[in-house]
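Observations on the model geometry
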Amino acid sequence: HNGNIMQTSWMEASCLELALEGERLCKAGDFKGGTAFFEAAVQVGTEDLKTLSAIYSQLGNAYFYLKEYGKALEYHRHDLTLARTIGDRIGEGKASGNLGNTLKVLGRYDEAAVCCQRHLDISQEQGDKVGEARALYNMGNVFHAKGKQQLWGISQDPGELPPDVRDTLQRATAFYEMNLSLVKELGDRAAQGRAFGNLGNTHYLLGNFVEAIKFHRERLSIAKEFGDKAAERRAYSNLGNALIFLGQFNAATEYYRKTLQLSRQLKDQVMEAQACFSLGNTYTLLQEYERAIEYHLKHLLIAQELNDRVGEGRACWSLGNAYVSLGKHRQALHHARKHLEISREIGDRNGELTARMNVEELMEALGVKEADLSPSESEFKVQGNTVSDESYLYSMFIYEDCFFDLLSKFQSSRMDDQRCQLDEPPNGENAEGADPNPLNDMIDASLLTSPQTEELFDLIASSQSRRLDDQRVNVSNLPGLRITHNNLGHLVGESDPQEPSDDFFNMLIKCQSSRIDDQRCSPPEGGPRAPTVPDEDFFSLIQRVQAKRMDEQRVHLPSDEQESDEDEREPGENLLLFYSFSGQPRCR
C-alpha cells in the first residue's frame, strides 16, 4: 500500500522536484534512496535537456558509490550521448571524465585513459582551467592505479620495478606535477593537498624516498590547515613508510605513534590494527623484540575480534619470529603451530610451507615430538610446561600510543589507496565549487583490482566497436527525454560538427581490441588478503636487516624544526563530476 502511495506521489511530482529530492538524499549519504528518486525522475521525464543531463550524471555517480558499476557506466554513457547531441562540449568532457573514473575502478585502465584524455582535451579547448586540473589529476590516478595493479603479486621493494611499471608510475607522476602546477595557479589549497599526497605516493613506489618525504610533509601541512584528521593520519603513516626504507627506524616509530593516536581518535579499528602490526615490524628492525611482541599481540587481539583469520596468521608468524630472536623457543613453537593451522585453513600454501618448516626446526631445537604437544588452540604443552596466550598478553601488554598502517602502497588494498586504495578524500578538500556532501568519501581503493565481468564493458561497446556513423544514437531512446517542439531545435543533427571526431572512437576501438588477457582475469595470486595487515609489511626488509645491519643505508634528513611541512600517502581519489540543478558543475 505504501509503495502504491509513493508511486502515485512520484507521478504527481515534477521531474525536477524528484531530482532535487534525490540530490538531497545523496548529500545525506542515502544513495539507495537518492537513486530511487532519480530513477523516478527519469520515469516522469522532462523536455529540459540540461536537467536530464544533470540527472544522468548524478545517477551515474550515485551508482558508482553503490558499486553498481554497470548502471554507472550506463548513465554516464547516456550523459555523454546527450551532451554530444545538444552540442555541449563542456558537458561532453565531464561525462567522458566520469566514464574514465568508472572504467578505472574496474581495472580498464587503457579505456579509462582515453576517456580522461578526452576530458583533458575538451577542457583545454574550452579554456576551462578547473576542468583541466581535474582531468590532469584523474589521468594521474589512472596511471597510478595501473602501476599498482602491475605490482600486484610482485614481492619487490619500492624502487625495484620492472621497466613497464616504472614507466607507468613516471607517467602518473608527470600528470600529478602538471595538476599541482595548475591548482597552485588557481589557488586551490585542497587540490594541492591531494596532489602533494599522490606525488609522495608515486615517488615512494619509484624508490625516491627523500622526494616522497618532501611531498608528504607538504601534504601533512595542508591536512592540518583543513583540520582533516584522516588525511593527517595518512600523512604520518606515509612519512613513516618512507623513513623505514631510508633506515630511519626510530624516526619512523614517532610518525607511526602519531598515526596510531589518530586511528584511535577516529575509532578506526582496522587502521589501529595495521598500525600495531607495522610498529611490531619496526621494533623488529630495531631488534627491540620485547616491544615488537607487545604490538604484535595487540594486532592479534584486534584481528581475532574482527575475525580476520589471515591477519591472525600473520600475527602468529611475526610473534614466532620475535620469540625465536629472544631465544624463547617454546612460545615461538606455539605461534608457529597456530600459524600452520591458520595457513591450512585459509589455503595459504606459502604460509603453510613456511610454518611447517618453522615448526619442524623448533621441535628439533626443543627435542620434542608431535605427541608431546597439546592440540589445544589456546595453549601448548612442552615437557610438562603449559603456556597460554592470555598469560603472555597479560604480562606483555603495556598500552602506549604507537603506529599504523605501514607501507600500504604496493598493491592497493583498502586504505585507501591510496593504495589509488581510491578511498576517503579529506574534509574540505573538494574541488572549487563543490558542495560538502559525502559522496566523494565512499570510494574504496581495493576496487581497483576487483575482477568484473565483460558485460560491464559491453555497456559502452556501442561507442567503441563501430565507426562513428554506426554509433549515432537515436535521441528518442534516451530514458526520460521528452522530445517537444521546444527542445527539438537544440538537438544536433547527424552532420553537426560538434560530434566527436573519429580519432576518439578509433582510439577506444584500439584499446578494446588490444586489451591484454591478464586485464580480463583476476590479478595474479599474491596470497590471501587481510584487512588488519598492511599490504606491504616489509618482511623482506626485516630478513635483510637480520642478516646484515643497515647502518650504511642510514640517511640524514632535515629536521622537523628546519622544515615544518611534512606528509604521507593517500588513496587514489577519483574526481567525479556532478551537476547541480542550479546549473553549477560539482566535482566529486
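Residues numbered from 1 in each chain as written. Predicted model: local features only at pLDDT ≥ 70, side-chain atom pairs only at ≥ 80, totals over all residues. Heavy atoms only, no water.

1. Quick look at the overall build of the protein
Under the convention used in this document: A run of H or I in DSSP becomes a helix once it reaches four residues, and a run of E becomes a strand once it reaches two; helices and strands are each numbered from the N terminus. Residue exposure (1.4 Å probe, protein chains only): buried if accessible area is under 20% of the type maximum, exposed if over 50%, otherwise partly exposed.
Along its length, the protein carries 23 helices and four strands. Expressed as a percentage of its 588 residues, the buried residues of the protein come to 59%.

2. Digging into the packing of aromatic side chains
Test applied: Aromatic pairing here means that ring centres of Phe, Tyr or Trp (its six-membered ring) are within 6.5 Å. Orientation follows from the plane angle: under 30 degrees is stacked, over 60 is edge-to-face, and everything else is tilted. Our definition puts a charge over a ring when NZ of Lys or CZ of Arg is within 6 Å of the ring centre and also within 35 degrees of the ring normal.
In total, this model carries 13 aromatic pairs according to the counting rule given. Each ring, one from Tyr63 and one from Tyr75, has its centre 6.1 Å from the other, and the planes form 15°; the classification is stacked. A residue pair is termed long-range when its members are at least 10 positions apart, and Tyr63 in helix α4 (residues 49-65) and Tyr75 in helix α5 (residues 69-85) qualify at 12 residues. Ring centres of Tyr204 and Phe245 lie 6.1 Å apart, and the angle between their planes is 75°; on these two criteria the pair is classed as edge-to-face. Here Phe245 lies in helix α12 (residues 229-245) and Tyr204 lies in helix α10 (residues 189-205), a separation of 41 residues in the sequence. Of the two residues examined, Tyr204 and Phe245, each falls in the buried class. Taken together, the ring pairs in this structure connect Phe31, Phe64, Tyr65 and Tyr69 into an aromatic cluster. Over the ring of Tyr137 we find Arg194; its NZ or CZ atom is 5.9 Å from the centre of that ring. Of note, Lys214 hangs over the ring of Phe215, and the distance from its end group to the ring centre comes to 4.8 Å.

3. A look at the confidence of the model for the protein
The test is simple: Per-residue confidence from the predictor is reported as pLDDT, which spans 0 to 100. The contact criterion used throughout is that any non-hydrogen atoms of two residues lie within 4.5 Å.
Taken residue by residue, the protein gives an average pLDDT of 75. The fraction at 70 or more is 63%. Below a pLDDT of 50 lies the segment residues 398-473, which in the model reaches 330 contacts outside its immediate sequence neighbourhood of four places, other chains included.

4. Considering the nonpolar core
For clarity, the cut-off: What we call a nonpolar core is a set of buried Ala, Val, Leu, Ile, Met, Phe, Trp, Tyr and Cys residues that are connected through their side-chain atoms within 4.5 Å.
Formed by 61 residues in total, the largest nonpolar core has its most connected members in Ile55, Leu59 and Leu82. Broken down by element, the residue count for this core peaks at nine residues, all from α4. Discounting residues that sit within four places of it in the chain, Leu82 has contacts with Leu49, Leu52, Ser53, Tyr56 and Leu478. Within the second largest apolar cluster, 33 residues are counted, among which are Leu151, Leu206, Tyr236 and Leu260.

5. Remarks on helix α17 (residues 329-346)
Quick note on the threshold: To estimate how far a helix should extend, the number of its residues minus one is multiplied by 1.5 Å.
The end-to-end C-alpha distance of α17 is 25 Å, a good match for the 26 Å that 18 residues give at a rise of 1.5 Å each. For α17, the full list of buried residues reads Gln331, Ala332, Leu333, His334, His335, Ala336, Arg337, Lys338, His339, Leu340, Ile342 and Ser343. At the exit of α17 stands Gly347, carrying a positive phi of roughly 75°.

6. Focus: the packing of helix α2 (residues 15-27) against helix α3 (residues 31-44)
Put simply, the rule reads: Axis definition: a line fitted to C-alpha atoms, limited for helices to the stretch in contact. Angles are taken between N-to-C directions and run from 0 to 180 degrees. Working definition: roughly parallel below 35 degrees, roughly antiparallel above 145 degrees, roughly perpendicular at 65 to 115 degrees, and oblique for all remaining angles. By convention, the crossing between two helices is left-handed when the near helix turns anticlockwise from the far helix through less than a right angle, and right-handed when the turn is clockwise. In this count, Pro and Cys sit with the nonpolar residues alongside Ala, Val, Leu, Ile, Met, Phe, Trp and Tyr, while Asp, Glu, Lys and Arg are called charged and the others, Gly among them, polar.
With their axes 7 Å apart at the nearest point, α2 and α3 run at an angle of 165° to one another. With respect to each other, α2 and α3 are oriented roughly antiparallel. Crossing handedness for the pair α2 and α3: left-handed. Two secondary-structure elements touch here, α2 through Cys15, Leu18, Ala19, Glu21, Gly22, Glu23, Leu25 and Cys26 and α3 through Phe31, Gly33, Gly34, Phe37, Phe38, Ala40, Ala41 and Val44. For the contact of α2 with α3, the residue count by class is 11 nonpolar, three polar and two charged.

7. Brief notes about the pattern of salt bridges
Where we set the bar: Every case where a carboxyl oxygen of Asp or Glu lies within 4 Å of a side-chain nitrogen of Lys or Arg is listed as a salt bridge.
Tallied over the entire structure, the rule returns 19 salt bridges. A salt bridge links Glu92 to Arg118; its shortest N-O distance comes to 2.9 Å. Linking Glu92 in helix α6 (residues 89-105) with Arg118 in helix α7 (residues 109-126), this pair joins segments that are 26 residues apart in sequence. Relative accessible area serves as the criterion here: at 1%, Glu92 is assigned to the buried category. The buried category is assigned to Arg118, whose relative accessible area is 10%. Between Arg344 and Glu352 there is a salt bridge, and its shortest N-O distance comes to 3.6 Å.

8. A short note on the UniProt feature "repeat: TPR" (unreviewed entry) in the protein
Stated precisely, the cut-off is as follows: UniProt positions are given in the numbering used here, feature names are shortened, and annotations may be inferred rather than shown by experiment.
As annotated in UniProt, the feature "repeat: TPR" (unreviewed entry) corresponds to residues 53-86 and 233-266 in the numbering used here. Counted over residues 53-86, helix gives 88% and strand 0%. Its end C-alpha atoms are 10 Å apart. Across residues 233-266, helical content stands at 88% and strand content at 0%; the span's end C-alpha atoms are separated by 9 Å.

9. Concerning the packing of helix α14 (residues 269-285) against helix α15 (residues 289-305)
Running from amino to carboxyl end, α14 crosses α15 at an angle of 155°, the nearest separation of the two axes being 7 Å. Judged on the interaxial angle alone, α15 and α14 are roughly antiparallel. In this structure, α14 crosses over α15, and the sense of that crossing is left-handed. Across from Gln269, Glu272, Ala273, Cys276, Phe277, Leu279, Gly280, Asn281, Tyr283 and Thr284 in α14, the residues of α15 making contact are Tyr289, Arg291, Ala292, Tyr295, His296, Lys298, His299, Ile302 and Glu305. Split by residue class, the contact of α14 with α15 holds nine nonpolar, six polar and four charged.

10. A few points about the environment of Asp164
Relative to the assigned elements, Asp164 resides in helix α9 (residues 163-186). Residues Asp164 and Gly147, spaced 17 residues apart in sequence, show a C-alpha to C-alpha distance of 8.6 Å.

11. Some remarks on α14
What counts, and what does not: Pairs of N or O atoms are called polar contacts if they sit within 3.5 Å, as long as, within protein, a hydrogen donor faces a hydrogen acceptor (for residues adjacent in sequence, only side-chain-to-side-chain pairs).
Helix length check: α14 (17 residues) gives 24 Å between terminal C-alpha atoms against 24 Å at 1.5 Å per residue, within 8%. Among the 17 residues that make up α14, 15 are buried, leaving the element largely enclosed by the rest of the structure. Measuring from the backbone nitrogen of Val270 back to the side-chain oxygen at the start of α14 gives 3.3 Å, which picks out Asp268 as the cap. Just downstream of α14, Gln287 is the residue with a positive phi angle, here 60°.

12. Concerning unusual backbone geometry
Residues other than glycine seldom take positive phi values, yet Lys67 does so here, at roughly 65°. The topology assignment puts Lys67 in the loop between α4 and α5. At Gln287, a position not held by glycine, the phi torsion is positive, near 60°.

13. Quick look at the side chain of His296
Within the secondary structure, His296 is located in helix α15. Accessibility expressed as a relative area gives 0% for His296, which makes it buried. Once residues within four sequence positions are removed from consideration, His296 is found in contact with Cys276, Phe277, Gly280, Asn281, Thr284, Ala315, Ser318 and Leu319.

14. Here we look at the state of the cysteines
As used in these notes, a disulfide is a covalent bond between sulfur atoms, one from each of two cysteines. To be explicit about the condition: Note on terminology: disulfide denotes any pair of cysteine sulfur atoms within 2.5 Å.
The final tally for this structure, using the stated rule, is zero disulfides. Cys115 forms no disulfide, and the closest cysteine sulfur to it belongs to Cys116, at a distance of 6.9 Å.

15. A look at the environment of Ala174
Tracing the backbone shows Ala174 in helix α9. Remark: the alpha-carbon pair of Ala174 and Leu199, spanning 25 residues in sequence, is separated by 9.1 Å.

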